[in-house]
Amino acid sequence: MPPVIRTAFLRVYLPEQTLPGQVVVDHPPMPHMAAGTFGLLAEPMQDDALLAEWRGNRFLCPRFPRLRVLEGLLAFHNAYSDIGGDAIVPEQVAARAADELSRLYDRQPSLRSHILTSAWHVPLRWFVAFDSTERELVSRIDGTSIRYRTSLVQATDRVTSALDTLRGAGFEDVVTEELDEFRTWLDDFPAVSMVELDYGSVAGFFNDTELVFDETAGDVHASLEALDMGDFKTAGDRYGEAVAHWAPLMAVIHSN
């Protein structure tokens, strides 16, 4: 059996009352490897929603697993088809996935994926949406993990400010493109939403002490603040600390 991929998640939750009748689960599903039409699946495929209680209110995050499988498969195919990706996602499989995705959107034009998934690491751009004071250590069945939560308005404002800083410092679109796409994704959701960054099973790469002293969000924002003030040395040093923290896991991605 292939190893279970360790994954981190970025989720958008809506107030519970905006999703009446939604089937609810109170914790993320454990890894569930099974064969499906489009390859191995790592979670159950039923359409339910994750429950979170935050600031005295209840929020729900629809999982829409089928939608995410199709979007992820097509994203991989489109990104890597020129460098061997067709061996993993052949053209005919991608075409079937595109047809099914089109039918899903035809039936539900407003359908959106509320969850971004990242294998083996947490993308540094995700930390831009959160303040270091929003970091929480959480205990789970599979060990200690890290979670950040904030309002969608704060998340969007922070990402927009970071883009302004990067462009003001002269960074070209090739640098800001992924962060701009992140902001566009956030813009699709209501302002009353809550945004959560969950290290998920990626936390298992670190021991408890490393998790306690993980200050990636602080390093990312300190780098942006220094850049905004024209202090390029401090900006580079602080961003370098964040990169160094995640470099071993980034190496896993490239080795795969």
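Everything below is about the structure printed above this text.
Rules used in this analysis
Residues numbered from 1 in each chain as written. Predicted model: local features only at pLDDT ≥ 70, side-chain atom pairs only at ≥ 80, totals over all residues. Heavy atoms only, no water. Axes fitted to C-alpha atoms, helices over the stretch in contact; angles between N-to-C directions. Helix = DSSP H or I, 4+ residues; strand = E, 2+ residues; numbered from the N terminus. Parallel < 35°, antiparallel > 145°, perpendicular 65-115°, else oblique. Left-handed = near helix turned anticlockwise from the far one by under 90°. Contact = heavy atoms within 4.5 Å. Nonpolar A, V, L, I, M, F, W, Y, C, P; charged D, E, K, R; others polar.

### Here we look at the packing of helix α4 (residues 152–168) against helix α7 (residues 216–228)
Relative to each other, α4 and α7 sit at 45°, their axes nearing to 9 Å. The orientation of α4 relative to α7 falls into the category oblique. As α4 runs across α7, the sense of the crossing is left-handed. Along the contact surface, α4 presents Arg158, Ala162, Thr165 and Leu166, while α7 presents His221, Leu224, Leu227 and Asp228. Of the residues in the contact of α4 with α7, the class split is four nonpolar, two polar and two charged.

### Quick word on the environment of phenylalanine 205
Mapped onto the elements of the fold, phenylalanine 205 is located in the loop between β10 (194–198) and α6 (208–212). Apart from residues lying up to four places away in sequence, phenylalanine 205 is in contact with Arg6, Trp120, Glu210 and Leu249.

### Overview of the environment of glutamate 215
Its location among the elements puts glutamate 215 in the loop between α6 and α7. In sequence terms glutamate 215 and serine 132 are 83 residues apart; their C-alpha atoms lie 6.9 Å from each other. Leave out the neighbours within four places in its chain, and glutamate 215 touches Ser132 and Arg135.

What is shown is where atoms sit, not what they do.
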